[in-house]
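# Inside the fold
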Amino acid sequence: MTYLLQQVLNALQLGSIYALIALGYTMVYGILTMINFAHGDLFMVGAFFCFLAATFLHLPFVPTLLIAMIGVALLGVLIERFAYKPLRQAPRVSAIITALGVGIFLENFTLVFAPYPQHVPTLIKNTTWVVGGVSISSLQLIIIALSLVLMAFLDFIVRKTMVGMAMRAISWDKAIVPLMGIPLNLVISATFALGTSLGGAAGVMYALAFPVIDPYMGILIGWKAFIAAVVGGIGNIRGAMIGGFILGGVEILVAAFLPSTYRDFVAFTLLLVLLIFRPYGILGKPRPQKV
Amino acid sequence: MLLQAKEVTHFFGGLCAVDNFNLDLEQHELIGIIGPNGAGKTTIFNLITGVYKATRGSIRIGGIELVGKTPNQITALGIARTFQNIRLFRDLTVLDNVRIANYSQVKYNPIEAMFHSGRYDEEEKRIANHAMDLLAVFKLQDYADEASKNLPYGLQRRLEIARALATHPKILLLDEPAAGMNPNEISQLMEFIGWIRKEFDLTVILIEHQMRLVMGICERITVLDFGATLAEGLPKEIQNNPKVMEAYLGEGGDL
């Protein structure tokens, strides 16, 4: 039982990181119906911002987190502006290929500066408490709590503010949003900034939890977070959060009770089965195409 | 003069959708644009609202050039429209459909919103009140929390007009407001358009196929055919114009 509780805690930690990344995929899909396949690499850039700020500027945790979030947000906005915006009227597949290209660019750009895996210094003093046989680390608690705060923040922005309402409106009918007096490009930039900054935050947390980072770390995690977004119902914000926690849970539990090499195999089989029964994801709704 | 279009021409590739269109619109006028399907009527609305950029020509509101401006800038200058096939934000509530049209007037940032600063609460309250008042004027207040897609068709049309008015327009462009209405509803619509025009101090351009509506309320009419202006004038003159009859009914027809 304590073993199970321990694994639940681990699952929450991993799941919250997946959920943060999945939000970036789902938000961009929601407004532009494109998959930003560079998002996993933006997560990686977030981890490297964390490494740079902590190693060379010797900054503590909070400023490091802010630098990573703001830096990745700016990068996300620039990428949208220069790589995706010119393709807004192009077939979606062109935009997706571009996103893959941007991802490869980010990986290799980082590789130039960091050809070897880098070690991220400890930013949070790791205290471990043992409660009823379950060991809880301060880092774990901070990752889980911070992720929940960021998700609550995003949920609030999207549901309760005008900018959020504009984002939801764009996801339904992009063409008429400007006719409501709304600057479309600004709202799209804001969406990219929000979504990618969460990816940057996830990069920082991941780098603190697993402190050896390399330019290719974003690929597999990016794929997994994307799948989490699809499982939750792509385009649906709360769905992405749920999908992230489900994926984290399945992975940890598989590794806990089966040989750990089975982890991805079993996890993804389960998710594929889930998609057979709920092809639009857990919270996704079919959108009838106008003919 | 409130709105002036001069020699507006628009091409889709090699196809001339609007050819040398001219329009002088005085304040408080209500004019109609009619013409067979594909004559370029909706294209003119798209050109005025900045959805398309005119290939040639100039459109001015109060002396300000609109060609080259983005739709949201043009909306801010006081032009609002409705659509032939209703285009509401289907999953947003009736109230939110109207609230969103106040976007450009919001004066708080997301951080203030997060901490519920005084400005956020004040602004949201003001916008919600304004939206509710507008819904009440349109007798939609009882549906405020309903998803707009659940409204009956006639009410969706009304909500679309309410949403357009929420942007505080000087000029309202109505694209086939009577589409899908029976004669009784059309009579009501005619009264309704006359009433909102007075109530909201509007200048109106109307695209319509329903001759009864156009002849009944428009003060002047422009007839388009294949992108070109076929005739202009008072409803009476248009009714008796042989060229118009020919375009609509073929030679020897009677309107």
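Here goes a summary of the coordinates provided. (Residues numbered from 1 in each chain as written. Chains lettered and ligands numbered in written order. Predicted model: local features only at pLDDT ≥ 70, side-chain atom pairs only at ≥ 80, totals over all residues.)

For the rest of this paragraph, the subject is the overall build of chain B. Across its full length, chain B carries ten helices and ten strands. Going through the 255 residues of chain B one by one, you find that 40% of them count as buried. Expressed as a percentage of contacts within chain B between residues at least 6 apart in sequence, the contacts between residues at least 24 apart total 63%. (Helix = DSSP H or I, 4+ residues; strand = E, 2+ residues; numbered from the N terminus. Buried ≥ 20, exposed ≤ 12 C-beta atoms within 10 Å, placed from the backbone. Contact = placed C-beta atoms within 7 Å.)

If you look at the interface, chain A gives 21 residues, while chain B gives 23 residues. Elements represented by at least two residues in the side of chain A that touches chain B include exactly helix H5 (138-160) and helix H6 (162-172) of chain A. Considering each element in turn, the side of chain A that touches chain B owes the most residues, seven residues, to H6 of chain A.

Here we take up the packing of helix H8 (residues 217-232) of chain A against helix H9 (residues 237-257) of chain A. All names here are of chain A. Two numbers describe how H8 lies on H9: the axes approach to 7 Å, and their chain directions differ by 120°. Relative to H9, the element H8 is oriented oblique. When you trace H8 past H9, the crossing you get is right-handed. Across the interface between the two elements, Lys224, Ala225, Ile227, Ala228, Ala229, Val231 and Gly232 of H8 pack against Gly239, Ala240, Met241, Ile242, Gly243, Gly244, Ile246 and Leu247 of H9. (Axes fitted to C-alpha atoms, helices over the stretch in contact; angles between N-to-C directions. Parallel < 35°, antiparallel > 145°, perpendicular 65-115°, else oblique. Left-handed = near helix turned anticlockwise from the far one by under 90°.)

This part is about the environment of Leu20 of chain A. Residues and elements named next belong to chain A. Here Leu20 lies in helix H1 (residues 2-32). Separated by 181 residues in sequence, Leu20 and Ala201 have C-alpha atoms that sit 7.9 Å apart. Ignoring anything within four residues of it in the chain, the contact list for Leu20 reads Ser147, Leu150, Leu198, Gly199, Ala201 and Ala202.

Since there are 3.6 residues in each turn of an α-helix, residues three or four apart along the chain are aligned in direction. Most of H6 of chain A sits inside the fold, with eight of its eleven residues counted as buried. Within the span of H6 of chain A, buried status applies to Met162, Gly164, Met165, Ala166, Met167, Ala169, Ile170 and Ser171 of chain A. Buried residues in H6 of chain A make contact with H1, H5 and helix H7 (184-209) of chain A together with helix H3 (94-99) of chain B.

As a further point, take the packing of H5 of chain A against H6 of chain A. All names here are of chain A. One way to put it is that H5 packs onto H6 with a least axis distance of 5 Å and a crossing angle of 75°. With respect to their mutual orientation, H5 and H6 come out roughly perpendicular. Contacts between H5 and H6 involve Ile157, Val158, Arg159 and Lys160 from the first element and Val163, Gly164, Met167 and Arg168 from the second. Taken together, the residues that form the contact of H5 with H6 break down as four nonpolar, one polar and three charged. (Nonpolar A, V, L, I, M, F, W, Y, C, P; charged D, E, K, R; others polar.)

Here is the key point about a regular strand: its side chains alternate between the two faces of the sheet. All names here are of chain B. Sheet topology note: the strand S1 (residues 3-12)/strand S4 (residues 56-61) ladder contains five bridges and is antiparallel. What sits directly across from Ala5, in S4, is Ile59. In this structure, S1 lies alongside strand S2 (residues 15-25), joined through seven bridges in antiparallel fashion. Bridged to Ala5 within S2 is Leu23. The turn linking S1 back onto S2 is made up of two residues, and Gly13 within it adopts a positive phi angle of 60°. (Pairing = 2+ DSSP bridges.)

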